[in-house]
Amino acid sequence: MSAHLTKLQGQLCNLLQKGLPICSNPFAQIAKEMGCDEDTVLKQTSELKKTGVIRRITAIINHRTLGMAGTLVAAHIPQDNLLEVAKAVNAIEDVSHNYLRKHYYNLWFTLQAKSVQRIEEILLNLSARFKIDFYSLPAERIFKLDVRFGAENAAQIFSDVEEMPKYETVILDENEKLILSKLQIDLQIVKNPFDFLSSRQLQMEDVFKILNRLLDIGIIRRIAAVVDHRKLGFVANVLFVCKVPEKQIIQAGRKLSQSGLVSHCYQRKTFDGWHYNLFAMMHGKSMAEIQQTIDSFVEEEKIDTFELLPTAAELKKQPVKFQFY
């Protein structure tokens, strides 16, 4: 169910998704930008958290810069053991998102691990346990990733994040590992939310230098609010997949990613019986809104092979906890 936000809450929600300023009192800085006081921002942020509009405020980490492998997994799970399989998948710490979709391939989850070999091992173990095939569809090219959901007025759909994340693996020093280890929590909504990162060895000045470096080199995308898009009115959610000739994939992917309804857009590997290579996650105020966008795209790009996989249920959505020691 959509939440009713005041104008101030909508503005605040947008700014919190953009990211907390890296300073001792980030909520005071946000209050200054909004033209109100720090106590109001703290109170309204807590209210947005209480109502579930904000899921958490946390560091959004780019796993690729840590040398991690990732993939999207699809499987057809018979109805009679769907709950058992979903529970087993959710129990895997390296699974961040798990969805039930209205399609023959009804279970879809994202999986991260230290290597491609480890991903294959996890999927082989699942297959052996349940006698079910799990298909890995790793990304070959990323067209769009990591967006913010417009919360200030009903007509606004998305605000794009300014740039794509960096992919080079980064070697961390011990202090950077320590900060990242501590930062993988839901930050407290207090005047000085970063104070817990300091220690006898690391003063706050050092902490802010490390945080800014981690942001500059792309390990941390931002420290920001993660919202429940459904509570902002994005109640229609569909995975759109289509088959695009290789010579056309870059053009089509870039065009699709420009849509305000698309939050993520990838070129992915295929498997036998599944020839779709372009994937887009789409969110809208209604299915009609999404359908109109799809109709326009497939007509302009002359695509005749595609499917829509509506979201039936969200089974898991939480960040993977990275181990640095």
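Residues numbered from 1 in each chain as written. Predicted model: local features only at pLDDT ≥ 70, side-chain atom pairs only at ≥ 80, totals over all residues. Heavy atoms only, no water.

Let's talk about the environment of isoleucine 220
Logical step 1: Take isoleucine 220: it is sitting in strand S9 (residues 220-227).
Logical step 2: Judged by relative accessible area, which is 1%, isoleucine 220 ranks as buried.
Logical step 3: C-alpha of isoleucine 220 to C-alpha of threonine 65: the two residues are 155 residues apart in sequence and 9.2 Å apart in space.
Logical step 4: With sequence-adjacent residues up to four places away left out, isoleucine 220 is seen in contact with Ala59, Ile60, Leu180, Leu183, Leu211, Leu214 and Leu215. (Helix = DSSP H or I, 4+ residues; strand = E, 2+ residues; numbered from the N terminus. Buried < 20%, exposed > 50% of the residue type's maximum accessible area, 1.4 Å probe, protein only. Contact = heavy atoms within 4.5 Å.)

Some words on the pattern of salt bridges
Logical step 1: If you walk through the whole model with that rule in mind, you get 11 salt bridges.
Logical step 2: In this structure, lysine 191 and aspartate 39 form a salt bridge, with 3.9 Å as the shortest nitrogen-oxygen distance. Highlighted residues: lysine 191 in the loop between helix H6 (174-183) and helix H7 (204-216) and aspartate 39 in helix H3 (residues 38-50), separated in sequence by 152 residues.
Logical step 3: Residue lysine 191 is classed as partly exposed on the basis of its relative accessible area of 41%. (Salt bridge = Lys/Arg side-chain N within 4 Å of Asp/Glu carboxyl O.)

Side note on the sheet that holds strand S11 (residues 262-268)
Logical step 1: Here nine strands make up an open sheet; going across it, the order is S5-S2-S4-S3-S13-S10-S12-S11-S6 and the pairing antiparallel. Unpaired on one side and paired on the other, strand S5 (134-136) and strand S6 (139-144) mark the two borders of the sheet. Adjacent strand axes in the sheet meet at a mean angle of 30 degrees when their direction is disregarded.
Logical step 2: As judged from the four bridges shared by S6 and S11, these two strands associate in the antiparallel manner. Among the inter-strand pairings, lysine 144 is bridged to a residue of S11, identified as cysteine 265.
Logical step 3: Running at roughly 140 degrees to strand S4 (residues 107-113), helix H5 (residues 116-130) makes contact with strand S2 (69-75), S4 and S5 of the sheet.
Logical step 4: With respect to the sheet, helix H8 (residues 249-257) is in contact with S6, strand S10 (236-242), S11 and strand S12 (278-284), its orientation differing from that of S6 by roughly 40 degrees. (Pairing = 2+ DSSP bridges. Axes fitted to C-alpha atoms, helices over the stretch in contact; angles between N-to-C directions.)

Concerning the nonpolar core
Logical step 1: In terms of nonpolar packing, the biggest core is built from 48 residues, with Leu20, Phe194, Leu211, Ile223 and Leu232 touching the most fellow members.
Logical step 2: Of all elements in the fold, only helix H1 (7-18), helix H2 (26-34), H3, strand S1 (54-61), H6, H7 and S9 reach the threshold of two or more residues within this core.
Logical step 3: Per-element accounting of this core gives the leading share, six residues, to H7.
Logical step 4: Beyond its immediate stretch of four places on either side in the chain, leucine 211 contacts Ile22, Ile179, Leu183, Phe194, Leu197, Ile220 and Ile223.
Logical step 5: Counting 22 residues, the second-largest nonpolar core is a separate cluster that includes Ala88, Val95, Leu107 and Phe134. (Core = buried A, V, L, I, M, F, W, Y, C linked by side-chain atoms within 4.5 Å.)

Considering H1
Logical step 1: When the terminal C-alpha atoms of H1 are compared, their 17 Å separation across 12 residues agrees well with the 16 Å that a helix rising 1.5 Å per residue should span.
Logical step 2: Contacts from the buried residues of H1 go to H2, H3, S1, strand S7 (148-149) and S9.
Logical step 3: Just downstream of H1, glycine 19 is the residue with a positive phi angle, here 130 degrees. (Expected span 1.5 Å × (residues − 1).)

Examining the environment of leucine 5
Logical step 1: Mapped onto the fold, leucine 5 is located in the segment before H1.
Logical step 2: With sequence-adjacent residues up to four places away left out, leucine 5 is seen in contact with Gly10, Leu48, Val53, Ala151 and Leu232.

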